[in-house]
Amino acid sequence: MTSHDCGCEQAREQLADFLRRELCDKDRSEINTHLQDCPDCDEEARMELVITQTVKRCCADEPAPADLRDKVASFLRAHCGNAAPGNKD
Ligand SMILES: [Zn+2]
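Residues numbered from 1 in each chain as written. Predicted model: local features only at pLDDT ≥ 70, side-chain atom pairs only at ≥ 80, totals over all residues.

- The name that an unreviewed UniProt entry assigns to the protein chain is Zf-HC2 domain-containing protein, with the source organism given as Gulosibacter bifidus.

## What about the overall build of the protein chain?
- When helices and strands are tallied, the protein chain shows 5 helices and 0 strands.
- Counted from the first residue to the last, the protein chain has its helices and strands arranged as α-α-α-α-α.
- Considering the protein chain as a whole, with its 89 residues, one finds that 8% of them fall into the buried category.
- Pairs at least 24 apart in sequence give 44% of the contacts found in the protein chain among residues at least 6 apart. (Helix = DSSP H or I, 4+ residues; strand = E, 2+ residues; numbered from the N terminus. Buried ≥ 20, exposed ≤ 12 C-beta atoms within 10 Å, placed from the backbone. Contact = placed C-beta atoms within 7 Å.)

## With respect to the nonpolar core
- Core analysis: the largest hydrophobic core is formed by 6 residues, namely Ala11, Leu15, Phe18, Ile31, Cys41 and Ala45.
- For this core, the secondary structure elements donating two or more residues are α2 (15-19) and α4 (39-61).
- Residues within four places of Ala11 in sequence aside, it is in contact with Ile31, His34 and Cys41. (Core = buried A, V, L, I, M, F, W, Y, C linked by C-beta atoms within 7 Å.)

## What to know about the UniProt feature "domain: Putative zinc-finger" (unreviewed entry) in the protein chain
- Here the UniProt feature "domain: Putative zinc-finger" (unreviewed entry) sits at residues 8-41.
- Helix makes up 79% of residues 8-41 and strand 0%, with an end-to-end C-alpha separation of 7 Å. (UniProt positions renumbered as here; feature names shortened; annotations may be inferred.)

## Digging into α4
- The end-to-end C-alpha distance of α4 is 33 Å, a good match for the 33 Å that 23 residues give at a rise of 1.5 Å each.
- α4 sits mainly on the outside: 2 of its 23 residues count as buried. (Expected span 1.5 Å × (residues − 1).)

## A look at the environment of Gln10
- Structurally, the position occupied by Gln10 is in helix α1 (residues 8-13).
- For the pair Gln10 and His34, spaced 24 residues apart in sequence, the C-alpha separation works out to 9.8 Å.

## As for the environment of Asp40
- In this fold, Asp40 is placed in helix α4.
- For the pair Asp40 and Cys8, spaced 32 residues apart in sequence, the C-alpha separation works out to 8.7 Å.

Structure below.
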């Protein structure tokens, strides 16, 4: 038997939610406790955390799509006579 009830399966299932802070305090502390006892899952959690943060950073750094901005600007020009709010003269 390779499987024993150490909570790894549940911990890994909830790891993504845990890292996105979408778990309630009870579930979160259960996983925290498991990570302290289980080097394997702790390592997995660290890797997931790095990936999550990298993805988040990439999304944040992504430049606003220029053509969308142009569309919004020309829409505002056409409908309001102003290029953009706060650009009044
Ligand atoms: Zn584990």
